[in-house]
Amino acid sequence: MKNIFLDILKLGLGTNDITLRALSEEEWDIVFKTAVKQSLIGITFTGVQKHIDILNNEGILESEIIPTKIYLKWLGLVYMISQQNEKTDTYSKEVQAMLHDGGFETCILKGRGVARYYGELSSYRQSGDIDIWAWPKDSWTLNHDERMRDVLQFLRAKYKCGAPTYHNIGFMFAKDIFVEAHYTPSWMFSPLHNHRLQKWFDSQARTEMQNDFSTLEFNRIYILLHIYRHLFGEGIGLRQIVDYYFVLHYRKLTGGERRQTMELLRWLGAGKFTAALMWILHRKLGLSADYLLCEPDENEGAFLLSEVLQAGNFGHYDMRIDRRRNKSKFAVFSMRIRRNFRWIAHYPSEVLWCPLWKVWHQLWLLRFKG
């Protein structure tokens, strides 16, 4: 069934020129549930519409192609996604204005910023939280901890905030609008690679803050590393990989740009992961080889894809994770570490540093308690 779902997804992306056979009601139900699991309801619905059009041209009625109940449910969710995106776009501007008034330069990360690369499919991308990178105005020499203190002090005085993490703090800006304010866009478990990553973020900050949204050049690195980090956290789904599809597909790179991008990704320890991701993008989502960053790695890519399809969006559907709420912090910690050891042969540096980083992180956060 995963191949049928991917074929529908590719129809939505415009990379599938294969005429699909008619599906049974049971198959449609599985495809729909997979779209929900992967947070790709809107993009796959575009594929469904193309599939219907193809079979309509062969004289098959819509009601004979897809069960009406499933189609109407899908259509309703797509409408809700479009409405939520409009709401998110409006509130993103308000969040930026609030932080600007408070003395911060900002740019929107991920989400609706990445949706710009979707073109006519922009309104079909499912939005999550509003992620915004905030930097105190005219203070480009501040280090991570100094920026973090400024952001925490400002937001805690205005909102009921959650517990801070190394890279952000969350708060409810309005009803159903959750914001994650970043003092740095992300991190890595390896101290060496994290040091390099933070150095790179700092070098890019002034340029990024000149824009409402993070730039395409920045996202070429950042979105890939965001996917990589989530692999060892909650897990990743196809929505994040589709995001990267559109990042790469938006503009074809020159040979020099491709070499420069790969040099940076290898310097940050993500070269092997990049090759795995290129295999999924090329072989399973239909991205032309002209847009790839490097030669795809089939073995790594197939293993990564199996994890993605099991875990769903941010790992919410990973049945291998015990999600009982009464588990102790130590039990959750142990479970996460055991889970990550599935990756030891693939990405040993991040896996081995993960438990040490998590212990350090909890101790380090004591300095920033509210």
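To be clear, the structure that these remarks concern was listed above.
Cut-off values and rules
- Residues numbered from 1 in each chain as written.
- Predicted model: local features only at pLDDT ≥ 70, side-chain atom pairs only at ≥ 80, totals over all residues.
- Heavy atoms only, no water.
- 1 Å grid on protein atoms, 1.4 Å probe; cavity = no way out; pocket = protein on both sides within 12 Å on 5 of 7 lines; lining within 4 Å.
- Points joined across faces, edges and corners; volume = space filled by probe spheres on them.
- Helix = DSSP H or I, 4+ residues; strand = E, 2+ residues; numbered from the N terminus.
- Nonpolar A, V, L, I, M, F, W, Y, C, P; charged D, E, K, R; others polar.
- Salt bridge = Lys/Arg side-chain N within 4 Å of Asp/Glu carboxyl O.
- Buried < 20%, exposed > 50% of the residue type's maximum accessible area, 1.4 Å probe, protein only.
- Phe/Tyr/Trp six-rings, centres within 6.5 Å; stacked < 30°, edge-to-face > 60°.

(A) Representation of empty space enclosed by the protein within the structure. Taken as a whole and judged by the stated rule, the model has one cavity of 30 Å³ or more. Of the volumes computed, that of the largest cavity is approximately 60 Å³. Lining the largest cavity, in full, are T88, S92, I108, L109, K110, G111, R112, S127, G128, D129, I130 and D131. Of all elements in the fold, only α5 (68-101), β1 (104-109), α6 (111-115) and β2 (130-136) reach the threshold of two or more residues within the lining of the largest cavity. Here the residues of the lining of the largest cavity sort into three nonpolar, five polar and four charged.

(B) Here's a closer look at the layout of surface pockets. Volume-wise, the second largest pocket comes out at about 260 Å³. Along its surface, the second largest pocket is lined by 11 residues, and I81, Q84, Q126, S127 and G128 are the ones closest to its centre. Residue contributions to the lining of the second largest pocket peak at four residues, all from α5. For the lining of the second largest pocket, a count of residues per class yields four nonpolar, six polar and one charged.

(C) View of the pattern of salt bridges. Under the criterion given, the structure shown has 12 salt bridges. Across the salt bridge formed by R251 and E257, the nearest N and O atoms sit 3.1 Å from each other. By relative accessible area, which is 22% here, E257 ends up partly exposed. Notably, a salt bridge pairs R342 with E307, separated by 2.9 Å at the nearest N-O pair. Pair noted here: R342 is in the loop between α14 (329-340) and α15 (348-365) and E307 is in helix α13 (residues 298-311), with a separation of 35 residues, a long-range link. In this structure R342 comes out as partly exposed when scored by relative accessible area, which is 27%. Note on E307: relative accessible area 7%, which makes it buried.

(D) Quick peek at the environment of I221. By secondary structure assignment, the location of I221 is in helix α9 (residues 216-231). Separated by 66 residues in the primary sequence, I221 and L155 place their C-alpha atoms 28 Å from one another.

(E) Inspection of the packing of aromatic side chains at higher detail. Counting across every chain of the model gives 37 aromatic pairs. Between F303 and W343 the ring centres are 5.0 Å apart and the planes differ by 75°, which places this aromatic pair in the edge-to-face class. In this pair, F303 sits in helix α13 while W343 sits in the loop between α14 and α15, placing the two residues 40 residues apart along the sequence. Take F303: its relative accessible area is 24%, and that puts it in the partly exposed class.

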